[in-house]
Structure formats: C-alpha cells, structure tokens
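Here's the letter readout for the chains.
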Amino acid sequence: MAKIEAKREFPDKAANECYQVCVSLIDQAGYKIFKQRDLANLVICNGEVAGAAVNLSIMVPFLGGPTSVNVNLSSSAADENVLQAEADRILDLIASKLEDLLFEYNSRYEILYLD
C-alpha cells in the first residue's frame, strides 16, 4: 500500500478560511466526502486517480504555528509517484482558490472606496 503525506503553509491565512476552501474544493478535485469533522478541521474522502481507488484526508491544524494544509493520500493500487502528483495537484487547487479569494476581497475593497 502506497502512502504519501504533503504539507503546504499559508501563513497569511486563517485556519478556518483554509479549511472552508478545502471542503469547497472536494467535488472539483474529484472526491466524495466520507467523513467530515469540522471541529477538528478534518475531512476524509474517497476518490479515484488513474483508475485506482484512493483515500484522501485533509487536515488544517488550528494551533501551533503558521496555518498549513496537510494532505494524506493512500492507495493499494496506485504508486507513490501517482499519489505525490495528486497531492501536488490538490495543494495547487487550494492555493489557487485562496489567491482568488484574496483578489476578490481586494477588488471589493477597492470598489467600495472609489467613490
């Protein structure tokens, strides 16, 4: 069984904001939520990558340092290279959505104060 753990820091973001983005992107990433524990900022999902069943868990710790997103993938059929590529893809989706939110917020702020 192949397993991969990946982590990316988002020091300028709140843990709750990162977690909400992660949950909102589950369907877009091609997964279905199996369990969701909002109090722990944890979501466990099932999906398929390259024809192989994959288990995905995403956790956003809310204590102990800069905000980060931890992605864990495991599969009995996919190898570690496939899982690493998938972890990178998921973290890139999260980073992109967080950047879009920042741009959207800044755009609204500028529009409010143009008058």
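Structure shown above.
So, here is what we can say about the structure in this document. (Residues numbered from 1 in each chain as written. Predicted model: local features only at pLDDT ≥ 70, side-chain atom pairs only at ≥ 80, totals over all residues. Heavy atoms only, no water.)

A few points about the overall build of the chain
To keep things clear, this is the line we draw: Segments assigned H or I by DSSP are reported as helices when at least four residues long, segments assigned E as strands when at least two residues long, and all are numbered from the N terminus. Burial status follows relative accessibility: with a 1.4 Å probe on protein chains alone, a residue under 20% of its type maximum counts as buried, one over 50% as exposed, and anything between as partly exposed. Contacts are assigned to residue pairs with any non-hydrogen atoms lying within 4.5 Å of each other. Accessible areas in this description were obtained via Shrake-Rupley with a 1.4 Å probe; residue shielding takes into account the shown protein chains only.
Regarding its fold elements, the chain presents 3 helices and 5 strands. Starting at the N terminus, the α and β elements of the chain follow one another as β-α-α-β-β-β-β-α. Here the chain holds 115 residues, and 37% of them are scored as buried. Here the analysis covers contacts within the chain between residues at least 6 apart in sequence; of these, 51% occur between residues at least 24 apart. Here the chain displays about 7200 Å² of accessible surface, and carbon together with sulfur accounts for 52% of that area.

Points about the side chain of Thr67
Using the following cut-off: As used in this structure description, the phrase polar contact means that two N or O atoms lie within 3.5 Å; if the pair is within protein, one of them must be able to donate a hydrogen and the other to accept it, and residues adjacent in sequence are counted only when both atoms belong to side chains.
Inspection of the secondary structure puts Thr67 in the loop between strand S4 (52–59) and strand S5 (68–75). Taking the relative accessible area as the measure of exposure, Thr67 reaches 11% and is therefore buried. A polar side-chain atom of Thr67 sits 2.7 Å from the main-chain carbonyl oxygen of Lys13. Residues contacting Thr67, with those up to four places away along its chain left out, are Arg8, Glu9, Phe10, Pro11, Lys13, Ala14, Ala15, Cys18 and Val60.

Some thoughts on the nonpolar core
Generally speaking, soluble globular proteins have nonpolar side chains that are buried together. Our working rule: Residues grouped as a nonpolar core are buried Ala, Val, Leu, Ile, Met, Phe, Trp, Tyr and Cys residues, joined through side-chain atoms within 4.5 Å.
Membership of the largest hydrophobic core comes to 33 residues, with the highest contact counts inside it found for Tyr31, Leu56, Ile58, Val69, Val71, Leu73 and Ile94. Counting only elements with at least two residues in this core, the list comes to strand S1 (2–9), helix H1 (15–24), helix H2 (26–29), strand S3 (42–49), S4, S5 and helix H3 (80–112). Setting aside residues no more than four positions away along its own chain, Val69 makes contact with Ala6, Lys7, Arg8, Phe10, Cys18, Cys22, Ile58, Met59, Val60, Leu91 and Ile94.

Overview of the state of the cysteines
Using the following cut-off: Cysteine sulfur pairs qualify as disulfides if the two atoms are within 2.5 Å.
One pass over the full model with this rule turns up 0 disulfides. Of the cysteine sulfurs around Cys18, a residue in no disulfide, the closest is that of Cys22, at 6.5 Å. With relative accessibility at 0%, the residue Cys18 sits in the buried group. In this structure Cys22 comes out as buried when scored by relative accessible area, which is 1%.

Such coordinate-based values are descriptive only and should not be taken to indicate function.
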